[in-house]
Amino acid sequence: MGAESNESLDVLSVFLTGIPGLESQHGWLSIPFSTMYIVAIVGNSLIMIAVQGDPVLHEPMYLFLSMLAVTEVGVSVSTLPTVMGILWFDARQIDFDGCLAQMFFIHTFSCMESGVLLAMSYDRFVAIYNPLRYTAILTLPRIICMGLGITLKSVTLMAPLPILLKQLPYCHTNVLSHSYCLHSDLIQLPCADTKLNSILGLAIVLATFGLDSLLIVVSYVLILYTVLGIASGEGRWKALNTCVSRMCAVLVYYVPMIGVSVMHRAAKHASPLVHTLMSSIYLFVPPVLNPIIYSVKTKPIRQGIFTLFSCKRK
């Protein structure tokens, strides 16, 4: 390969893209974006603190909710530096290693989020199918092991992605189509065969998001089947009501993801603005909506947050 294609990765930079067609409005757009970040980070942090500080909330369903909040904060913090850097300072350049690190954390926390949603669906299934043994099945050690397992699986699956990208030569303008680094964007940059990267990326998607979503659907079908077998109408409503917030969280997470996937394949010639907005919805909306959903639908969480503020005022 020529000298150009062997450009040192030590000096290689990647250039991010803001919101296409709205570059002159970045200052105004920073207001809703910064508001979303504040709501996402503060809202999810309050849930984590409330669950950690209130013994009443040391139950499986709330511990899983706390794990979900951790992943939401992780996703938000991973994208915040570059997104707000572009909107506030028009800082589009990022060094290659920094871009790989951001890509790794975005995908790792997203994978963890999917795994936690699966664990939460299992939690509801056990609670409804076998309520008498609920606490005996979902003990604290098992919940901790599930959390560690989700984390280890996500890190192990995502670690090869930046390593493989690091080995490839880059010999042209390295401009990404988003204001953050994603694997699907980065594999378009090398001037070499990226078939292995593409196959690995697809395998990871199928082994995580694909399998998780399938098992989540199965869990909720079994939950529905179990609920329909409850004789009391009031009992059926009560059982379903405990699943509403979790089903909302699943929809908030997977519907934008499916939308992004469909847009990427079926509407390749759509406006870049449309692709940017869809990707932004996928990454930014779940961390914003989930703490709102759980604060509204889950009374103990709402009370825990109120208690947290009342304690601070004393």
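As shown above, the structure is provided for reference.
Residues numbered from 1 in each chain as written. Predicted model: local features only at pLDDT ≥ 70, side-chain atom pairs only at ≥ 80, totals over all residues. Heavy atoms only, no water.

(A) Expanded view of unusual backbone geometry. Positive phi is not limited to glycine here, since Asp-90 has a value of about 55°. On the secondary structure map, Asp-90 appears in the loop between helix H2 (60–89) and strand S2 (93–95). (Helix = DSSP H or I, 4+ residues; strand = E, 2+ residues; numbered from the N terminus.)

(B) Representation of the side chain of Ser-78 in the model. Its place among the elements puts Ser-78 in helix H2. Taking the relative accessible area as the measure of exposure, Ser-78 reaches 12% and is therefore buried. (Buried < 20%, exposed > 50% of the residue type's maximum accessible area, 1.4 Å probe, protein only.)

(C) A nonpolar patch on the surface, seen in detail. Where nonpolar side chains cluster on the molecular surface, the patch consists of Leu-211, Leu-214, Leu-215, Val-218 and Leu-222 and spans about 410 Å² of accessible area. Inspection of the secondary structure puts Leu-211 in helix H8 (residues 195–228). (Patch = residues over 30% accessible without salt bridge, like charges linked within 9 Å, V, L, I, M, F, W, Y side chains within 5 Å. Areas by Shrake-Rupley, 256 points an atom, 1.4 Å probe, with all protein chains shown as cover. Salt bridge = Lys/Arg side-chain N within 4 Å of Asp/Glu carboxyl O.)

(D) Up close: the packing of aromatic side chains. Within this structure, the stated rule accounts for eleven aromatic pairs. Their ring planes at 90° and their centres at 5.5 Å tell us that Phe-33 and Phe-284 sit as a pair that is edge-to-face. Highlighted residues: Phe-33 in helix H1 (residues 26–53) and Phe-284 in helix H10 (residues 272–297), separated in sequence by 251 residues. Residues Phe-33 and Phe-284 agree in their burial class; the two are buried. Consider the rings of Phe-105 and Phe-109, whose centres lie 6.4 Å apart with planes at 25°: the pair is stacked. (Phe/Tyr/Trp six-rings, centres within 6.5 Å; stacked < 30°, edge-to-face > 60°.)

(E) Focus on the pattern of salt bridges. For the structure on display, the rule yields four salt bridges. With a closest N to O distance of 2.4 Å, Asp-97 and Lys-166 form a salt bridge. With Asp-97 in helix H3 (residues 96–129) and Lys-166 in helix H6 (residues 160–166), this residue pair connects regions lying 69 residues apart in the sequence.

It is worth stressing that arrangement in space is one thing and function is another; only the former is reported here.
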